[in-house]
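Topology and contacts: notes
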Amino acid sequence: QVQLVESGGGLVQAGGSLRLSCAASGRSFSSYTMGWFRQAPGQDQKFVAAINWSGRSTDYADSVEGRFTISRDNAKNTVYLQMSSLKPEDTAVYYCAADSMTWGTTRMAAEYDYWGQGTQVTVSS
């Protein structure tokens, strides 16, 4: 069983930056693909970014490519999402997720086995 706890959300002005963290429990973190998803009010959950177990392979949604960076520290059982040049449309609850089966990266939420409870990011214009 893996527990994921997100932190780092908050209120920021457009153009600003935030770094989200996701701390994982359990000894198998270094073998998991990790992902970030987000859900804005009234919208479906959407893929944001993913990183494979080693950190050498990453994937980003087109809407965040070049502005967000996903990274991980397997020694600390933590995955990060550095968000820069934030826009009001980035406002959402951001969720961290862990996938124990995928070798590379995946954008499919159904592939992820474990989810955090989310952290709110609000970008004001």
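Now for a quick tour of the structure. (Residues numbered from 1 in each chain as written. Predicted model: local features only at pLDDT ≥ 70, side-chain atom pairs only at ≥ 80, totals over all residues. Heavy atoms only, no water.)

Relative to the helices and strands, Asp59 is located in strand β6 (residues 58–60). Separated by 2.6 Å, the side chains of Asp59 and Arg107 make a polar contact. (Helix = DSSP H or I, 4+ residues; strand = E, 2+ residues; numbered from the N terminus. Polar contact = N/O pair within 3.5 Å; in protein donor to acceptor, adjacent residues only side chain to side chain.)

So, on to the pairing of strand β1 (residues 4–7). Judged by which residues are buried, β1 turns out to be one-sided: Leu4 and Glu6 face inward and are buried, whereas Val5 and Ser7, on the alternate face, are not. Strand direction decides the pairing type here: β1 and strand β3 (residues 18–24), joined by four bridges, are antiparallel. Across the sheet, the residue bridging to Leu4 is Ala24, located in β3. (Buried < 20%, exposed > 50% of the residue type's maximum accessible area, 1.4 Å probe, protein only. Pairing = 2+ DSSP bridges.)

Going through the model one piece at a time under the given rule, you end up with six aromatic pairs. Arranged with centres 5.7 Å apart and planes meeting at 75°, the rings of Phe37 and Phe47 form a pair that is edge-to-face. One end of the pair, Phe37, is in strand β4 (residues 33–39); the other, Phe47, is in strand β5 (residues 46–51), with ten residues separating them in the sequence. Each member of the pair, Phe37 as well as Phe47, is classed as buried. (Phe/Tyr/Trp six-rings, centres within 6.5 Å; stacked < 30°, edge-to-face > 60°.)

This next bit is on the state of the cysteines. In the structure shown here, the tally under the stated rule is one disulfide. Across the disulfide, Cys22 is cross-linked to Cys96 (sulfur-sulfur distance 2.0 Å). Between Cys22 and Cys96, the disulfide has an S-S torsion of -75° and is therefore left-handed. Of this pair, Cys22 sits in strand β3 while Cys96 sits in strand β9 (residues 92–99); the two residues are 74 residues apart in sequence, bridging distant segments of the chain. Exposure remark for Cys22: the relative accessible area of 0% places this residue in the buried category. Looking at Cys96, the relative accessible area reads 0%, which means it is buried. (Disulfide = S-S within 2.5 Å.)

Geometric descriptors of this kind do not, in isolation, establish any biological role.
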